[in-house]
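A look at the structure
Residue strings, one per chain:
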Amino acid sequence: MNTQENSSKLNDTALGLIGVIALFAIWEIVSYTGIISQEIFPSPSQAVTATLTTMPLSEIGGHVWASLTRVFWGFLIGGSLGIIVGVASGWYAWVGVLTRPLIELTRPIPPLAWIPMAIIWLGLGEPSKIFVISLGAFFPVVTSAYKGMISVDPVLLRAAQTMGLKGWRILFQVALPASLPDLATGIRIGWGLSFGMLVAAELVAANEGMGFMIMHARELGQVGIIIFGIVLIGVVNLVTDYAIGVVIRRQIGKWHTY
Amino acid sequence: MSKGLVRAKGGIVENIDHKLNSKPENMQKVSHNSVKISVENVSKIYQVADAEDVPVLKDVNIDIRNNEFVSLVGRSGCGKTTLLNILAGLVPPSSGIVRIDGTTVTGPGDGKGMVFQQHALFPWLTTIENVAFGCKSKGMRKADRTEIAMDLVKLVGLDGYQNHYPRELSGGMQQRVAIARALALDPEILLMDEPFGALDEMTRLEMQDELLRIWEVRKKTVVFVTHSLTEALVLSDRIFLMGRNPGGIRREFSVPFSRPRHRSSVEFLEMYEDIWAGL
Amino acid sequence: MNALFSLSTTTKSRLVGAVFIIFLLIAWEVAVDLKWLKIYKFPPPSKCWEAFVELFTSGFPIEQTVDIHIGWTLWRIVQGYVLGCLLAVPLGVVIGSYSLLDKLTAPIITFGRSVAALSLLPLVIFWFGTGEAPKIAIIAYGTFWAMIAHTIAGVKFVDPLLIRAARTLEADQKFIFLHVVIPAALPRIFVGARVALGVAFMVIVGAEMIGTIQGLGALINEARNFYRADITLIGMALIGLLGLGISGVLQLLERILLPWNKGLEEVRR
């Protein structure tokens, strides 16, 4: 049974791989037939060669690293604030009464729309980028942390009480772990949104990072680098999201069924 | 002790001082003489916004003796779970007092273990961690609490499952863990809120026998809430029948049979019928 | 006083929340008045109100009144969104119906979704210049992937019991597809529609920051160029309101088109 499942999973992966290869092959072939000018839409191989001939690998790595550190800090700040505010508003009724309406009022504003305001407040430098990235993480995390807290099964809290736990100990030993599955979902969504904000922030104003890389390439008319960069951004997003997913499944998946 | 043997004559015995034939003389004395839990004039009224107050319990008076196994039986809405929560100290009574060994109950914990209907195990902890939870919160050293927990895991028959998470256990096994967890702080009182209510019939019967076996090993005063009269008859020394509107104790029965009890013996069924007829 | 006590707790807490927000607004006004906050960075509510009036009468930038901005933003969203849906739904139905196609395309679709739509901005500007086409193209792109993923899932995960039931009623393949598979997939497709709209809304704000002065995204960015934080704030509020309005309309549409799905929706919440 298990080996069967494994082999069918392997088959699926193989089919998926064939699909990806087929897509690239078609793209490559169409490009060579000249239906679409290669100046406008280069083939994958051309995009890669164009990038690697103009840009050393270390420079590409530098852009990836710059973007990753940026999104990491923004995510860390926004996510931690989201956890603190969300948990507090779910645990203490009065915090919820005060903060929920504020959050619900500001949540419909897409984080992107904060970019001009961030620039007014913090200038064109790094802080305004970190700010909008952190907003991307904050809203999903604060919402899921709050939801997780208010949906903790009250019987678990009562069980802890019958074992003599009170106050903070119930919060940290019972309510927080019980709300982790909800929180993890918010964290994953938050990472995705942070990443989206990162690209936007780097498009607007930056001198390094993957968003800058493609925006700069546009100014120079290097379409190969633009396409390479877009795929690179997608890959980095996919890989980091996958890594977070694996960590969540390892830690929470062993006791919780998603 | 062979199963299926009923050593006492059946029938309704409403005399609370009735002697339990099967128990050794000295043990009976203990259970007769000392009152463990006394419930005095307890009432509970729930206040609902935009509606009239709902009286859930009215003037409940019971005494439960040391190491006695008592059941609260009734339909849903008779306040049996509320009464149990009041005994546990989870819910304060609107009026009246609950005393344990003469001391007024003011809060949960403190020698009162509880088992809930939906096991209420912490899903992020393994079997052994769940059982050791109470000891850990009391600051007990890891080696000590693991030893205590492991003994209990063995007692409830889950040796080999100590590192499993709750979701990996069957319903019956989950309830075994819940019982072990409630016993870990070695409480003198065990409060059980329809602990087998969510189990299938076969498992339920099995768990009733298990509970009695565990109770024989670790003598406790048990207050057991159930809506099944059969279950109460199999388990308890005394049964309190509860009614609704307002919730309260309607009648009280002593169960004269020795344990283990056979669920389909004539005497057992007769008593079952008699109690129903008396309602 | 008595009337206050008789209110339910939710109404009371809402009241407290509202009072708190009003308090914050007043505190903000006072803080600017006392020069604790700089007025050009933190325009107080009174200044924002003036900006609001200005937007409705003379417009910002000059003669671009608020209806023009909202109109352009909506028009771009509609074009891109409809284009994306028209491409994604039929394709999604086909892919979801054939397991082989689904397996072949699964990684491509996962990847397509994880490419941030905005990262396409340099490419579409390179292709189409800075006019309308690039904006519509990236909205369509964002809509497309969210829509196709949900459509495939909707068609793929139709309860097999429903199909078996239809078979026992002697329905043929085509009938089952049209009358069982498609309706059963609709709730998921609607979820996709909602997600896609969120994406489209997010993208348009970014897209409008480049190469135009019309549209809400352009409004807040232009206001920033002129250091008009008051206008930016009003623009942000309008964006939020518009987003709420659009998702409200979509929910209403869903309730009208799928009345049978209401119960299920409630359970899921």
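Now for a look at the structure at hand. Being a predicted model, the structure only gives us computed values, none of them experimental. (Residues numbered from 1 in each chain as written. Chains lettered and ligands numbered in written order. Predicted model: local features only at pLDDT ≥ 70, side-chain atom pairs only at ≥ 80, totals over all residues. Heavy atoms only, no water.)

**Here's the deal with the overall build of chain C**
When you go through chain C residue by residue, the secondary structure sums to twelve helices and zero strands. Along chain C, from the amino end to the carboxyl end, the secondary structure elements read α-α-α-α-α-α-α-α-α-α-α-α. For 269 residues, the compact-globule estimate of 2.2 N^0.38 gives 18 Å, and chain C exceeds it by more than 25% at 24 Å. The principal-axis extent of the C-alpha atoms belonging to chain C is close to 80 × 65 × 30 Å. Burial status across chain C gives 44% buried among its 269 residues. In chain C, of all internal contacts separated by at least 6 residues, the share reaching a separation of at least 24 is 70%. For chain C, the computed accessible surface area is about 14100 Å², with 71% contributed by carbon and sulfur atoms. The positive charge centre, built from 22 side chains, and the negative charge centre, built from 17, are 8 Å apart in chain C. (Helix = DSSP H or I, 4+ residues; strand = E, 2+ residues; numbered from the N terminus. Rg over C-alpha atoms; globule rule 2.2 N^0.38 Å. Buried < 20%, exposed > 50% of the residue type's maximum accessible area, 1.4 Å probe, protein only. Contact = heavy atoms within 4.5 Å. Areas by Shrake-Rupley, 256 points an atom, 1.4 Å probe, with all protein chains shown as cover. Lys, Arg positive; Asp, Glu negative; His and termini not counted. Charge placed at Lys NZ, Arg CZ, Asp CG, Glu CD.)

**Some points on the interface of chain A and chain B**
The interface is formed by 20 residues belonging to chain A together with 21 residues belonging to chain B. Interface of chain A and chain B: buried area, both sides summed, is about 1900 Å²; carbon and sulfur atoms make up 67% of it. The largest contributions to the chain A side of the interface with chain B come from Thr162, Met163 and Trp255 of chain A, which together make up 36% of the buried area. Across the contact surface, chain A and chain B share five residue pairs in polar contact (both at pLDDT 80 or more). At the level of elements, helix H7 (154–162) and helix H8 (167–204) of chain A are the ones that each hand at least two residues to the side of chain A that touches chain B. (Buried area = accessible area lost by both parts, 1.4 Å probe. Polar contact = N/O pair within 3.5 Å; in protein donor to acceptor, adjacent residues only side chain to side chain.)

**Describing the packing of helix H3 (residues 57–91) of chain A against helix H6 (residues 126–150) of chain A**
Their axes nearest at 6 Å, the elements H3 of chain A and H6 of chain A cross at an angle of 30 degrees. The handedness of the crossing between H3 of chain A and H6 of chain A comes out as right-handed. (Axes fitted to C-alpha atoms, helices over the stretch in contact; angles between N-to-C directions. Left-handed = near helix turned anticlockwise from the far one by under 90°.)

**Focus: the pattern of salt bridges**
On inspection of all chains with the given rule, the structure shows 28 salt bridges over all chains. Between Asp209 of chain B and Arg263 of chain B there is a salt bridge, with its nearest N and O atoms 3.3 Å apart. Of this pair, Asp209 of chain B sits in helix H6 (residues 201–217) while Arg263 of chain B sits in the loop between strand S10 (248–254) and helix H8 (266–277), and the two are 54 residues apart along the sequence. Using a relative accessible area of 28% as the deciding quantity, one classes Asp209 of chain B as partly exposed. Judged by relative accessible area, Arg263 of chain B falls into the partly exposed class, the value being 22%. Note that Arg228 of chain C and Glu54 of chain C form a salt bridge whose closest N and O atoms lie 2.8 Å from each other. With a gap of 174 residues between them, Arg228 of chain C in the loop between helix H10 (216–225) and helix H11 (229–257) and Glu54 of chain C in helix H3 (residues 45–57) connect regions that are remote in the sequence. By relative accessible area, Glu54 of chain C is classed as partly exposed at 22%. Salt bridges sharing common partners tie together Arg65, Glu68, Arg238 and Glu252 of chain B. (Salt bridge = Lys/Arg side-chain N within 4 Å of Asp/Glu carboxyl O.)

**Quick look at empty space enclosed by the protein**
Residues and elements named next belong to chain A. Scanning all chains against the criterion turns up four cavities of 30 Å³ or more. Here the second largest cavity is characterised by a volume of approximately 80 Å³. Along its surface, the second largest cavity is lined by Ile115, Ala118, Ile119, Leu124, Ser128, Lys129, Val132, Ala201, Val204 and Ala205. When residues of the lining of the second largest cavity are traced back to their parent elements, those giving at least two are helix H5 (115–122), H6 and H8. Grouping the constituent residues of the lining of the second largest cavity by class yields eight nonpolar, one polar and one charged. (1 Å grid on protein atoms, 1.4 Å probe; cavity = no way out; pocket = protein on both sides within 12 Å on 5 of 7 lines; lining within 4 Å. Points joined across faces, edges and corners; volume = space filled by probe spheres on them. Nonpolar A, V, L, I, M, F, W, Y, C, P; charged D, E, K, R; others polar.)

**Points about unusual backbone geometry**
The residue after Arg259 of chain B, namely Pro260 of chain B, is reached through a cis peptide bond having omega -5 degrees. Among the secondary structure elements, Pro260 of chain B is positioned in the loop between S10 and H8. Residue Pro61 of chain C follows Phe60 of chain C across a cis peptide bond; omega there is -20 degrees. A positive phi is found at Ala120 of chain B, a non-glycine position, where the angle reads about 55 degrees. With respect to the helices and strands, Ala120 of chain B occurs in the loop between strand S6 (112–115) and helix H3 (127–137). Unusually for a residue other than glycine, Asp186 of chain B sits at a positive phi of about 50 degrees.

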